[in-house]
Amino acid sequence: VTAADNLARLAVFDDNPSSSTDNLNNYNGLTVLLSGRSPSSTTGSPRVGQTTISSVGYNGGDPTQAYFATTQAGAIALQVGDSGYPAMYGWTNPNGGDELTVLGVNTATGSGLNYISFLGVAGAMNAANDVLAPDGYALRVVGDRYATWAGLFTNNINSNSNWGLGGVNNATSDQYVAFDASAPVNTTINVNTNYNLRGIYFLATASASDGFTLSGANTLTIGRGGVTNYDNSRQVFSANLALGDHQYWNVGAGGVTTGAIATNGHLLEIAGEATAIIDGVVSGAGGLALSASRLELNAASTYTGKTWVHTGVLNVAGSIAASDSVILSDNTRLEGVGTVSNITGAGSVDPGNSPGILTANTVDPTGGLDFNFEFTQTGSPDYANASASGNDVLHLTNSTPFTAALDAGNVVSVYFNVGSLNFGDIFRGGFYIDENTDLLALIENAAFDVYLADGGGSYLYNGVTYSLYTGPYAIDLTAVSDPANFASGAVSGIVTQWTIIPEPASLVLLSLSMVVVLRRRR
């Protein structure tokens, strides 16, 4: 479902005592909004009615999944064709906001009852994630907070007194908890033992500089409720994290920074307005997905699952070479000076951080990938300096650098961030391949756009304004041998070269793309 369809990302309401124990009685009596249609075939329309859950029970099928909630089929009765409509619960979240959550979907009616396939059990949530995770999505799950951090004099995460609770320590283990910096609390929490929280909420405050830091030598496991940051402050997890389930994080307007994350085979989907930063190693067989504005990966990660960019910008400064692939949705961007594996999808590849070198294994351009390169100097890039190479480079290391040749569905945009283009100028950069392959044949059928820095230009790229370049010169695009001493080692490979030449007298520029003259050079 595309973003343009404006469907909300509703959560499943989890009202169970633990992640492994279901308590169906907790749902009895909850107000539920049933959606469906009128029984009239001529005047029927979608509508919503309010009722209450009579019971939740097991129907004798798969014991991990086959649960039904029922309501009385009086004034609100499901009709044939209503199957699949959501049954929703109005939940007040820990930050005081009201939102709709999902309890299940309409399934059947009969014997004076409406039947709702129930999602609020571990088996059903796991089954939903089994369907979602292969496409890079995790079920959003929420629950009422069990306790709010009240630590004043000590900061151990497992101490009941720090949560305003009595009794033996560890009462908050596997529970939904909140952190509220508006109260006079210690904002540095010590993960003093390996600990498990099912879901974490950071509540909003008026200050933008009162975020929490969870540190310590032990591991904090986060369950299916994930992390939600309602605050405009950045929250920091410097203690090692582990995923206890597939999960969805909303980093909010403040953002979240983490250290190492062990996926344990689970998917972490990250959403929110601010930048999410992972400074530590992401490991395990799980994957990462971005449904937000920006995610920065700064370490040499070893996770083997896929990496999805559904929305926003993925910046790789470290390595995700072990990840199966990076899949870019339309209008997303991959950038950075690190190393990735195989790139596919429909977004754009923008090496560097204005400018720099991004290393990848292969590129599959068939989904409509685009490429953006910024050049700031003539001659070759500084291949040894990935973060300040002078000209952008996409370094492809596989013996088959492109799984298919580029075509008109792939746009290659070149941004010359220089004062002017002069006859005889030579710029090297863009695509670099390790193998002695006909690079020009692989890229020559792409659509090429050329821009020149212009303070009054109408195109903005990496903070610089540009105008489309239409002459007076043409640009001769060739592929030439250029030995490179990359940080990973010396390579005698082939790079694209852009030479400023006089416009051929016989060439009439009918379109911008004809500024680029392709010439195969031996």
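If you're wondering where the values come from, they're calculated on a predicted model, not measured in any experiment. (Residues numbered from 1 in each chain as written. Predicted model: local features only at pLDDT ≥ 70, side-chain atom pairs only at ≥ 80, totals over all residues. Heavy atoms only, no water.)

> Looking at this structure, how should I read unusual backbone geometry?
One can expect most non-glycine residues to show negative phi and most peptide bonds to be in trans. A cis amide bond links Ser-354 to the next residue, Pro-355, at an omega of -20 degrees. Structurally, the position occupied by Pro-355 is in the loop between strand S28 (348-351) and strand S29 (357-360). Cis geometry marks the peptide bond from Gly-471 to Pro-472; its omega dihedral reads 15 degrees. For Pro-472, the position within the fold is in the loop between strand S37 (464-468) and strand S38 (473-486). (Helix = DSSP H or I, 4+ residues; strand = E, 2+ residues; numbered from the N terminus.)

> Explain the pattern of salt bridges here, please?
For side chains bearing opposite charge, pairing can occur when the charged atoms are close. Summed over all chains, the structure comprises nine salt bridges. Between Arg-140 and Glu-99 there is a salt bridge, with its nearest N and O atoms 2.9 Å apart. Placement of Arg-140 in the loop between helix H1 (122-132) and strand S9 (141-142) and of Glu-99 in strand S7 (residues 98-110) is noted, with a sequence separation of 41 residues between them. Judged on exposure class, the residue Arg-140 and its partner Glu-99 are both buried. A salt bridge links Arg-333 to Asp-350, with the nearest nitrogen and oxygen atoms 3.9 Å apart. Taken together, the residues span a long stretch of sequence, with Arg-333 in strand S26 (residues 333-336) and Asp-350 in strand S28 at a distance of 17 residues. (Salt bridge = Lys/Arg side-chain N within 4 Å of Asp/Glu carboxyl O. Buried < 20%, exposed > 50% of the residue type's maximum accessible area, 1.4 Å probe, protein only.)

> Whenever I open this one, the pairing of strand S21 (residues 267-278) confuses me. Can you help?
On a regular strand, one side chain projects to one face of the sheet and the next to the other, so that they alternate. Of all twelve residues in S21, ten are buried; the element is thus mostly enclosed. The pairing of strand S18 (residues 247-250) with S21 spans four bridges and is classified as parallel. The partner of Asn-250 across the bridge, within S21, is Ala-271. Alignment of strand S19 (residues 256-258) against S21, held across three bridges, turns out to be parallel. Looking across to S21, one finds that Val-256 is bridged to Ala-276. (Pairing = 2+ DSSP bridges.)

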